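So the chains spell out like this:
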Amino acid sequence: MTPIRKLAVMISNAAVRFAPPASQDWAEAISRELPSIKSDWAALLWALGGTRVLFARRSARIASLADVRPAASALEREVRIRTVSGSIVTVVLMLAFGRFFFMTPTPMQRAGCVLMVVAALFLLVQVVAWRSASIPKNIDLPTHARRFRIELERQRDFFSGPWLWSRLILMLPGYVLLCVGGAEALPATLYQQTILLAIYVAALIIAIPRSLGMARKYARQIAELDTAYRESQNSGVAGN
Amino acid sequence: MKMRWPPQLVLLLAEFTGRPQDWKYGYEISRNTGIKSGTLYPILMRLADRGLLETSWEPAEPGKPPRHLYKLTGDGVRFAREQVSSTRNAVLRPELREVKS
């Protein structure tokens with residue numbers, strides 16, 4: 001097997017492994033075609049194209065009202081994963097900084113720990129408040145579309161505006177105090193504390209475009225949903 | 001219900017309407033139509049989601065992993081014929097206009 005063919009197989013296998021459950025069959029289908037493709041480069045392009053499809057399918061496009069139910073299920077799954085993982089991370093953060101509060105010698109670091117616990121608690125409250133609102137499966141399609149739109153708006157707001165900025169702003173002062181307090185208590189660690197603070201600030205800055213990107217994704221889905229709804233109204237079809 | 005489909009849809013449907021009763025492989029469709037996997041599979045997925053395309057795994061043979069097969073459903077064949085004929089008419093119309101003038 002040539003290196004290019006190996007790469008194609010590797011990409012294809014990774015796509016099968018990481019494909020969302022709803023796309024598993026399709027990932028397998030794309031992967032199983034590889035042995036039939038004679039040219040190695042064609043096989044690589046096939047694998048790359050197929051992988052792109054599976055990743056694009058993660059954020060379902062809404063081309064018509066028929067897409068609403070699968071898109072709503074995908075959103076529900078996505079938000080459920082975020083709620084669970086976000087809750088675990090914030091609880092771990094609270095426990096870690098809570099424990100550090102009793103270990104740290106300086107008042108500044110203690111204040112930092114308190115602020116970090118408060119910030120993590122605020123984050124936990126947000127993550128739980130924005131958990132997925134389950135949409136009943138047996139309602140008619142237009143009602144399902146309206147409920148889905150409300151849910152998309154909620155999720156868009158989670159990633160933009162005051163909720164985003166309040167999260168980010170609250171996460172900063174506690175960590176600054178921790179690092180400054182650490183450098184003050186142990187001046188030899190000034191360099192390490194600066195690096196740690198820089199990494200933390202960079203992570204917060206990176207979170208801004210990522211969050212706004214998510215907000216844009218939900219806004220795009222709202223626009224697509226509105227177009228699909230209008231088209232269905234124009235054609236007089238909005239059945240189940 | 002109006003839907004936005006990619007322009008390659010008609011090529012794909014024309015490939016199926018040739019022999020609608022036959023099962024086809026993904027790569028075979030791609031080779032015959034020139035549609036790349038990145039465009040082909042989203043169309044196949046959407047057709048399947050709407051009940052216009054039937055999918056199946058071919059029977060397993062020792063040492064050869066089964067491949068996915070595709071065939072239009074009854075509704076799919078009707079949809080395909082409509083789409084193909086309306087595209088053909090749209091393409092022919094300007095020529096007819098030229099002949100008339």
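Residues numbered from 1 in each chain as written. Chains lettered and ligands numbered in written order. Predicted model: local features only at pLDDT ≥ 70, side-chain atom pairs only at ≥ 80, totals over all residues. Heavy atoms only, no water.

Draft legend 1. Representation of the side chain of S12 of chain A. Residues and elements named next belong to chain A. Along the chain, S12 falls in helix α1 (residues 3–18). We classify S12 as buried; its relative accessible area is 4%. Beyond its immediate stretch of four places on either side in the chain, S12 contacts S31, L34 and A47. (Helix = DSSP H or I, 4+ residues; strand = E, 2+ residues; numbered from the N terminus. Buried < 20%, exposed > 50% of the residue type's maximum accessible area, 1.4 Å probe, protein only. Contact = heavy atoms within 4.5 Å.)

Draft legend 2. How the structure looks around the sheet that holds strand β2 (residues 53–57) of chain B. Residue and element names in this part refer to chain B. Strand order across the open sheet formed by three strands is β1-β3-β2, with antiparallel pairing between neighbours. With partners counted over all chains shown, the strands left at the sheet margins are β1 (24–25) and β2, one partner each. Across the sheet, helix α3 (residues 37–49) touches β2 and β3 (68–72), and the angle it forms with β2 is around 105°. (Pairing = 2+ DSSP bridges. Axes fitted to C-alpha atoms, helices over the stretch in contact; angles between N-to-C directions.)

Draft legend 3. Inspection of the interface of chain A and chain B at higher detail. If you look at the interface, chain A gives 27 residues, while chain B gives 26 residues. Here chain A meets chain B over a buried area of about 2400 Å², counting both sides, of which 63% is carbon and sulfur. Among the residues of chain A in contact with chain B, W26, R32 and W46 of chain A are the three that bury the most area, contributing 28% of the side total. Residue E33 of chain A pairs with R67 of chain B through a salt bridge whose shortest N-O separation is 2.7 Å. At the surface where chain A touches chain B, the tally comes to seven residue pairs in polar contact (both at pLDDT 80 or more). Looking at the side of chain A that touches chain B, the elements that each hand over two or more residues are α2 (24–32), α3 (40–58) and α8 (190–234) of chain A. For the side of chain A that touches chain B, the element with the most residues is α3 of chain A, which contributes eight residues. Among the residues forming the side of chain A that touches chain B, the class breakdown is 13 nonpolar, six polar and eight charged. (Buried area = accessible area lost by both parts, 1.4 Å probe. Salt bridge = Lys/Arg side-chain N within 4 Å of Asp/Glu carboxyl O. Polar contact = N/O pair within 3.5 Å; in protein donor to acceptor, adjacent residues only side chain to side chain. Nonpolar A, V, L, I, M, F, W, Y, C, P; charged D, E, K, R; others polar.)

Draft legend 4. Layout of the nonpolar core. Core analysis: the largest hydrophobic core is formed by 39 residues, its most contacted members being L12, Y41, L44, L47 and Y70 of chain B. Looking at this core, the elements with two or more residues in it are α1, α2 and α3 of chain A together with α1 (8–18), α2 (26–33), α3, β3 and α4 (74–100) of chain B. Among all residues touching L12 of chain B, those that are not within four sequence positions of it are I29, T33, I35, L40, I43, L44 and L47 of chain B. With 22 residues, the next largest nonpolar core counts I62, A71, I135 and A228 of chain A among its residues. (Core = buried A, V, L, I, M, F, W, Y, C linked by side-chain atoms within 4.5 Å.)

Draft legend 5. How the structure looks around the environment of A223 of chain A. Mapped onto the secondary structure, A223 of chain A falls in helix α8. For the pair A223 of chain A and R149 of chain A, spaced 74 residues apart in the sequence, the C-alpha separation amounts to 9.5 Å.

Draft legend 6. Region of the structure containing the confidence of the model for chain B. Averaged over all residues, the pLDDT of chain B equals 81, while 82% of them reach at least 70. Scored by ipTM, the complex comes to 0.82, with pTM at 0.57. (pLDDT = per-residue confidence, 0-100.)

Draft legend 7. Region of interest: the packing of aromatic side chains. A complete count under the given rule lists eleven aromatic pairs over all chains for this structure. Here the aromatic rings of W26 of chain A and Y70 of chain B are separated by 5.9 Å at their centres, their planes lie at 5°, and the arrangement is stacked. Here Y70 of chain B lies in strand β3 and W26 of chain A lies in helix α2, a pairing that spans two chains. Accessibility expressed as a relative area gives 8% for W26 of chain A, which makes it buried. For Y70 of chain B, a relative accessible area of 0% corresponds to the buried category. Each member of the aromatic cluster is reached from another via a ring pair, and the members are W26 and W46 of chain A together with Y27, Y41 and Y70 of chain B. The positively charged end of R110 of chain A is found above the aromatic ring belonging to F101 of chain A, 5.9 Å away from the centroid. Here the guanidinium or amino end of R167 of chain A rests over the ring plane of F158 of chain A, the centre of that ring lying 4.2 Å away. (Phe/Tyr/Trp six-rings, centres within 6.5 Å; stacked < 30°, edge-to-face > 60°. Lys NZ or Arg CZ within 6 Å of the ring centre and 35° of its normal.)

Draft legend 8. Fine view of the layout of surface pockets. All names here are of chain A. By volume, the second largest pocket amounts to about 760 Å³. Mapped onto the lining of the second largest pocket, the elements with two or more residues apiece are α4 (68–103), α5 (107–129), α7 (161–185) and α8. Here the lining of the second largest pocket gets ten residues from one element, more than from any other, and that element is α4. Among the residues forming the lining of the second largest pocket, the class breakdown is 18 nonpolar, four polar and four charged. (1 Å grid on protein atoms, 1.4 Å probe; cavity = no way out; pocket = protein on both sides within 12 Å on 5 of 7 lines; lining within 4 Å. Points joined across faces, edges and corners; volume = space filled by probe spheres on them.)

Draft legend 9. Region of interest: the pairing of β3 of chain B. All names here are of chain B. Burial runs high along β3: five of the five residues are buried. Residues of β3 alternate between two faces, with H68, Y70 and L72 on one and L69 and K71 on the opposite face, all of them buried. Note that β1 and β3 share two bridges and pair antiparallel. Opposite Y25, over in β3, you have L69 as the bridge partner. Inspection of the sheet shows β2 paired to β3 by five bridges, in the antiparallel sense. Along β3, the bridge assignment pairs E54 with K71.

Draft legend 10. Region of the structure containing α3 of chain B. In this model α3 of chain B runs 18 Å from its N-terminal to its C-terminal C-alpha over 13 residues, within 8% of the 18 Å that 1.5 Å per residue would give. Of the positions making up α3 of chain B, those classed as buried are S37, G38, L40, Y41, I43, L44, M45 and L47 of chain B. (Expected span 1.5 Å × (residues − 1).)

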